[in-house]
Amino acid sequence: MTESNLLPSGQKRIDSLEMRGITKRFPGVLASDHVNFDVKSGEVHALLGENGAGKSTLMKILYGLYHPDEGTVLLNGEPVTISSPTDSINLGIGMIHQHFMLVPTLTVAENVALGLPSSRGALTDLDKVSNRILELAKIYGLKIDPDAYVWQLSVGQQQRVEIIKALYRGAALLILDEPTAVLTPQEVDELFVIMRQMVRDGHALIFISHKLHEVVEICNRVTVLRNGRTIGTRPTAETTKQALANWMVGREVGFAPDRGETKLGEVRLSLDNVQCGSDRGTPGLRGVSFDVCSGEILGFAGVSGNGQRELAESITGLRKVTSGKVYLEGQDITNMSPGDIMERMLSYIPEERMRDGMIKDFTVAENMILREHQKQPYSKNGFLNLRGIASHADELIQKFRVKTPSRETMAKNLSGGNIQKIVLAREISRNPRAILAAQPTRGLDIGATEYVREQLIEQRNKGAAVMLISEDLDEILALSDRIAVIYEGQIMDIITRENATPEKLGLLMAGVRSEDATPVVK
Amino acid sequence: MITELFSTTVLIGILASGIRLATPYLYAAIGETFSQKSGVLNLGVEGQMLLGCFAAFYVTFTTGSLWLGLLAAIAVGALMGLAMAFVTVNLRAQQGISGIGFYLFGLGMSDLLFQRLMGTVETVQGFPKIYIPGLSEIPGIGEIFFNQNILVYGAYLLVPLAWFVLNKTTLGLKIRAVGENPDAADSLGVNVARVRYFTIILGGILSGVAGASLSIALLNVFQQNMTSGLGFIAVALVYFGAWHPVGVLGGALLFSMVNSLQLWVQVLGIPIPSDIAVMMPYVLTILVLVATVSRVRAPSALTKPFERDE
Ligand SMILES: Nc1ncnc2c1ncn2[C@@H]1O[C@H](COP(=O)(O)OP(=O)(O)O)[C@@H](O)[C@H]1O
Ligand SMILES: [Mg+2]
């Protein structure tokens, strides 16, 4: 074994890893269908595909969490059996899961030491573990405090703990499943620095992301999965964002849907100097006023945490308005119960769709009638009408192209994009007078994003008043007729689509008023 | 005055028996701490105690050996724990319900065996007092702390031992991780099922010993349902003690002291209806739990069966 065979962490490198003909069936779903995939030392290989394409499943098979029904894995050309995470760890494979696998109540060092033999036998050797963590952190340029509790760490820091955990176990191949979905742009840059370092040192990396510019920026090769099948593998140098998007979805994708013409109607929803508190007890909204008309989309741009959540919750009755008024079609709905407000045909697509938008352990069909279950034809005299519910569900599944094995599948087993389609289907199919959509495309793949945006436009064209809260400036610019910028619980300005530029919005989002270009003093 | 002297004696008596009476609470609640730390709520403690209680008594009564009696309680507790582990880990039963099932089983079974094998209430010579040389001669203190039998000493030694295992060993780290985030532990190759089997069986063994401490060390008799809710209080003590052995110790002492006090109240013939006196520890359980609720978060995975979602 020559010196160059070793990684800086002292582990042997993995020159090549190949997955051949991998097939995995779940009840009603063929998650992997004879998939081929390979990765080499010193490269980042992207795995691209829509939600539910089978990316996580393939990676969980590689890590030993799922067992394939068919197929082989070759490591440096030799077939290997991976039947548990212990096997994959021993082979030098590490995985950063889409949802972090950390124990919040333990320290960083304890999380790293978990499951490993200790140099002191039955007693823990956390001091030695801490030293080794600091050593690795130095080699790979990661900043980390081994004694900090995980619950004290930011998301970016937690991810570093995950990376250290894998390196500590001698990972030569690292799987990163949507590592950037939860990071701020700065944290993404930091992650990329670490990834580049690892690749230079001879690690092999697998990178999953829906953000095509990230794929183009950091990856050497890209493999596209669609419906559990490999569509192909290409060097990223030979492709573009648009080409990747089309290839992935299997058709021409538009990032900015056609908006049609504007037919502005009467005022549907209006806020008059609304104030409310935040969860931390500080002011959440500090006097917000605006009108939204039938047939328009009013976008709310802003850096997260500037009152967007409070705005959505005070309109929908989920948060107490301390002063000011909210009117829906001229009627005062301030501090009405959420049920009464929704009854007046305001629809809400919440930001936390898994928590606030649906019940995970209910079926698709049940989730689709959550809002209207007490009405005919879904129930009568307090008894559910199962036939009415079923046909409604089938209709919506077809109309909204929800990918689900059946209407009786638990919602939690669907991918993020399909879950959002259920929420959307439920909220839109009732023909609402006004819609409040909060971060409606966050975490969704390109196909689903495009679909959600088209639906919002369609509702606007049908005459609904649409409020769109989003941190994605491209989305705001693509969809909105007017754009309100929210900063520290206030509306900085409302500008029309024609006058909006990213620069202008960026300044407003930072609290700088366009006319005087000086920061607003609180 | 003579009453003053009298009350000092009484005070020492109350404290000494309080220390002694904490024994079954400690064994049972420390065992429960282990299983809850790993994410398993064992509501069957009372049933495990009753069977341990009977086994220890019966074996001691028939063989004349206290140690064989203790061993029998350990074996019965371990078996109950094994069954509990199978039902919770492999069958993924709803833990609150299956625990009550185990309680009822223990209650009925111990009674049945008692009727069949003995029929009348007998007594045995329990574990003798061990005077710790030197320490037991300290006035007051010696009488209270160092004039107890081996199972009492064992219960108090268990507290630092449990703390040490939970916080300083790799096994303890696994237990804590499995109770908070079994998916994370699983992804690092920790065998979640094995860890839970271990803690549940350990809990069963300690419940068995808790039962034995009643029948062959403290009261030295066996009667139907003689634990009378003590096992349930032990479960409550784990919440009260915030899943920390020292907290559990504090809770156990609080309850045993109140219990001891009410016994002395009866002994001294102070005119309080005995039903009310007997009720005191239970009322206290509820009051204290209400007061301490949500002070510390329970292990996140408590009562949640683990299943790798494949
Ligand atoms: N544990 C599971 N049980 C049943 N179906 C599953 C499970 N995990 C994934 N699936 C299904 O397999 C398909 C692929 O899912 P996944 O690999 O998570 O996709 P991706 O990561 O590409 O979004 C989806 O249709 C999903 O619903
Ligand atoms: Mg995934």
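Starting from 1, residues in each chain are numbered consecutively following that chain's sequence as written. Chain letters start at A and ligand numbers start at 1, both assigned in the order the entries are written. Owing to the predicted nature of the model, reporting of local features is limited to residues with pLDDT of at least 70; listing and counting of side-chain atom pairs is limited to 80 or more, with chain, interface and lining totals taken over all residues. Side-chain measures here rest on the full set of heavy atoms in the structure, leaving out hydrogens and waters.

A. Structural context of the overall build of chain A. Strands here mean DSSP runs of E at least two residues long; helices mean DSSP runs of H or I at least four residues long; both are numbered from the N terminus. Check the secondary structure of chain A and you find 17 helices and 22 strands. For a compact globule of 522 residues, the expected C-alpha radius of gyration is about 24 Å, and chain A comes in at 25 Å, within 12% of that figure. The principal-axis extents of the C-alpha atoms in chain A amount to approximately 80 × 60 × 50 Å. Exposure classes here rest on a 1.4 Å probe applied to the protein chains alone. A residue is buried below 20% of its type maximum, exposed above 50%, and partly exposed in between. Buried residues in chain A amount to 54% of all 522 residues. Contacts between residues were defined by any pair of non-hydrogen atoms, one from each residue, lying within 4.5 Å. Pairs at least 24 apart in sequence give 67% of the contacts found in chain A among residues at least 6 apart. Each accessible area is a Shrake-Rupley estimate made with a 1.4 Å probe; only the visible protein chains count as cover when residues are assessed. Accessible area of chain A: about 22500 Å², with a carbon and sulfur share of 50%. We treat Lys and Arg as the positive residues and Asp and Glu as the negative residues; His and chain ends play no part in the count. Every charge is mapped onto a representative atom, which is NZ of Lys, CZ of Arg, CG of Asp or CD of Glu. Positive and negative side-chain charges in chain A, numbering 60 and 66 respectively, have mean positions lying 3 Å apart. The globule rule used here is 2.2 Å times the number of residues to the 0.38 power, and the radius of gyration it is set against is calculated over C-alpha atoms.

B. A look at the interface of chain A and chain B. Facing 29 residues of chain A, the contacting portion of chain B comprises 22 residues. Here the quantity called buried area is the accessible surface, traced with a 1.4 Å probe, that two parts lose on coming together, added over both. Summed over both sides, the interface of chain A with chain B buries roughly 2100 Å², with 63% coming from carbon and sulfur. Of all residues in chain A, Met101(A), Leu114(A) and Thr124(A) give up the largest surface area on contact with chain B, accounting jointly for 25% of the area buried on that side. For salt bridges, the criterion is a side-chain nitrogen of Lys or Arg within 4 Å of an Asp or Glu carboxyl oxygen. Taken together, chain A and chain B are joined by one salt bridge.

C. Seen up close, the pattern of salt bridges. Residues and elements named next belong to chain A. Following the criterion strictly, the structure yields 37 salt bridges over all chains and no others. With a shortest N-O distance of 3.8 Å, Arg25 and Asp69 are connected by a salt bridge. Remark: Asp69 occurs in the loop between α1 (55–62) and β4 (70–75) and Arg25 occurs in strand β1 (residues 16–26); sequence separation between them is 44 residues. In this structure Arg25 comes out as partly exposed when scored by relative accessible area, which is 46%. Its salt-bridge partner being Arg453, residue Asp472 comes within 3.6 Å of it at the nearest N-O pair. In this pair, Asp472 sits in the loop between β20 (465–469) and α16 (473–479) while Arg453 sits in helix α15 (residues 446–461), placing the two residues 19 residues apart along the sequence. What makes Asp472 partly exposed here is its relative accessible area of 32%. Using a relative accessible area of 9% as the deciding quantity, one classes Arg453 as buried.

D. The pairing of strand β7 (residues 173–177) of chain A, seen in detail. All names here are of chain A. Burial within β7 is extensive, with five of its five residues counted as buried. What you see with β7 is no split at all: Leu173, Ile175 and Asp177 on one side and Leu174 and Leu176 on the other are buried throughout. In this scheme, strands are said to pair when DSSP sees at least two bridges between them. Alignment of strand β6 (residues 93–96) against β7, held across four bridges, turns out to be parallel. What sits directly across from Ile96, in β7, is Leu176. Relative to strand β8 (residues 204–208), β7 is paired through five bridges, and the arrangement is parallel. From the neighbouring strand, Leu176 faces β8, where its bridge partner is Phe207.

E. Representation of the sheet that holds strand β2 (residues 29–40) of chain A in the model. Residue and element names in this part refer to chain A. Taken together, the four strands give an open sheet; going across it, the order is β2-β1-β4-β5, and neighbouring strands pair in antiparallel fashion. Taken across any chain shown, the strands that pair with only one partner, and hence form the sheet edges, are β2 and β5 (78–80). On average, each strand axis in the sheet is tilted by 25 degrees relative to the strand beside it, whichever way the strands run. Sheet topology places β1 next to β2; eight bridges connect them, and they run antiparallel. Residue pairing for β2: Glu18 is matched across the bridge by Asp38. Against the sheet, α1 engages β1, β2 and β4, with an angle of about 115 degrees to β1. Every axis corresponds to a line fitted to the C-alpha atoms, with the helix fit spanning only the stretch in contact, and the corresponding angles, defined between N-to-C directions, vary from 0 to 180 degrees.

F. Local environment of a nonpolar patch on the surface. Note that patches include only residues with greater than 30% relative accessible area and no salt bridge, and the join distances are 9 Å for like charges and 5 Å for nonpolar side chains (Val, Leu, Ile, Met, Phe, Trp, Tyr). Taken together, Val267(B), Leu268(B), Ile270(B), Ile272(B) and Ile276(B) make up a surface patch of nonpolar side chains, about 430 Å² in accessible area. Inspection of the secondary structure assignment puts Ile276(B) in helix α12 (residues 274–292).

G. Broad picture of the packing of helix α7 (residues 170–180) of chain B against helix α9 (residues 192–218) of chain B. Residue and element names in this part refer to chain B. At their nearest, the axes of α7 and α9 sit 10 Å apart, and the two run at 105 degrees to each other. Considered as vectors, α7 and α9 are oriented roughly perpendicular to each other. On α9, the residues that touch Leu171, Lys174, Ile175 and Val178 of α7 are Val192, Val195, Arg196, Phe198 and Thr199. Looking at the contact of α7 with α9, its residues break down into six nonpolar, one polar and two charged. Orientation is classified from the angle alone, with under 35 degrees giving roughly parallel, over 145 giving roughly antiparallel, 65 to 115 giving roughly perpendicular, and any other angle giving oblique. Nonpolar residues are Ala, Val, Leu, Ile, Met, Phe, Trp, Tyr, Cys and Pro. Charged residues are Asp, Glu, Lys and Arg, and all others, Gly as well, are polar.

H. Looking closely at helix α4 (residues 95–117) of chain B. All names here are of chain B. Given a rise of 1.5 Å per residue, 23 residues ought to cover 33 Å, and the 32 Å separating the end C-alpha atoms of α4 matches this to within 8%. Within the span of α4, buried status applies to Gln95, Gly96, Ser98, Gly99, Phe102, Tyr103, Gly106, Ser110 and Phe114. Contacts made by the buried residues of α4 are with α2 (45–63), α3 (66–90) and α10 (230–240). Think of a polar contact as two N or O atoms within 3.5 Å of one another; within protein, one of them needs to be a possible hydrogen donor and the other a possible acceptor, and neighboring residues in sequence only count if both atoms come from side chains. For α4, the N-terminal cap is Gln94; the gap from its side-chain oxygen to the backbone nitrogen of Gly96 is 3.1 Å. In a helix, the anticipated span is given by 1.5 Å times the number of residues less one.

I. Region of interest: helix α6 (residues 150–168) of chain B. Residue and element names in this part refer to chain B. Taking 1.5 Å as the rise per residue, α6 with 19 residues should run 27 Å; its terminal C-alpha atoms sit 26 Å apart, in good agreement. Within α6, the axis deviates most sharply at Leu158, by approximately 30 degrees, and proline Pro160 lies no more than four positions further along. Where α6 begins, the capping side chain belongs to Asn149, and its oxygen is found 3.0 Å from the backbone nitrogen of Leu151. The angle separating two fitted axes, one through the seven residues that finish at a residue and one through the seven that start at it, defines the bend at that residue.

J. Fine view of the domain arrangement of chain A. All names here are of chain A. Note that domain bounds follow an automatic or database assignment of domains. Splitting chain A by domain gives domain 1 (10–249), domain 2 (254–345 + 432–522) and domain 3 (354–430). Taken together, the contact pairs 14 residues of domain 2 with 15 residues of domain 3. Summed over both sides, the interface between domain 2 and domain 3 buries roughly 1200 Å², with carbon and sulfur atoms accounting for 60% of that surface. Linking domain 2 with domain 3 are one salt bridge, by the criterion used here. A salt bridge links Glu343 to Lys375, with the shortest nitrogen-to-oxygen separation between them at 4.0 Å.

K. Inspection of the packing of α6(B) against α9(B) at higher detail. Residues and elements named next belong to chain B. Running from N to C, α6 and α9 point in directions that differ by 150 degrees, and their axes come no closer than 10 Å. Relative to α9, α6 is oriented roughly antiparallel. Only Leu206, Ala212, Ser213, Ala217 and Leu218 of α9 make contact with α6, whose side of the interface consists of Leu151, Val152 and Leu158. The residue makeup of the contact of α6 with α9, split by class, is seven nonpolar, one polar and no charged.

L. Spotlight on the packing of aromatic side chains. Each Phe, Tyr or Trp ring, with Trp reduced to its six-membered ring, pairs with another whose centre is within 6.5 Å; inter-plane angles below 30 degrees give stacked pairs, above 60 give edge-to-face pairs, and intermediate values give tilted ones. One pass over the full model with this rule turns up 14 aromatic pairs over all chains. Ring geometry for Phe57(B) and Phe61(B): centres 5.9 Å apart, planes at 10 degrees, overall stacked. With Phe57(B) and Phe61(B) both in helix α2 and four residues apart, the pair spans about one turn of that helix. Accessibility expressed as a relative area gives 0% for Phe57(B), which makes it buried. An angle of 55 degrees between the planes, with centres 5.4 Å apart, marks the rings of Phe114(B) and Phe222(B) as tilted. In this pair, Phe114(B) is assigned in helix α4 and Phe222(B) in the loop between α9 and α10, connecting sequence segments 108 residues apart. Among the aromatic side chains, those forming a connected cluster through ring pairs are Phe54(B), Tyr58(B), Phe114(B) and Phe222(B). Distance and angle both matter: a charge sits over a ring if NZ of Lys or CZ of Arg is within 6 Å of the ring centre and within 35 degrees of the ring normal. One residue, Arg234(A), lies across the ring of Trp247(A), its end atom 3.8 Å from the ring centre. Geometry around Tyr451(A) places Lys421(A) over its ring, the cationic atom sitting 5.1 Å from the centre.

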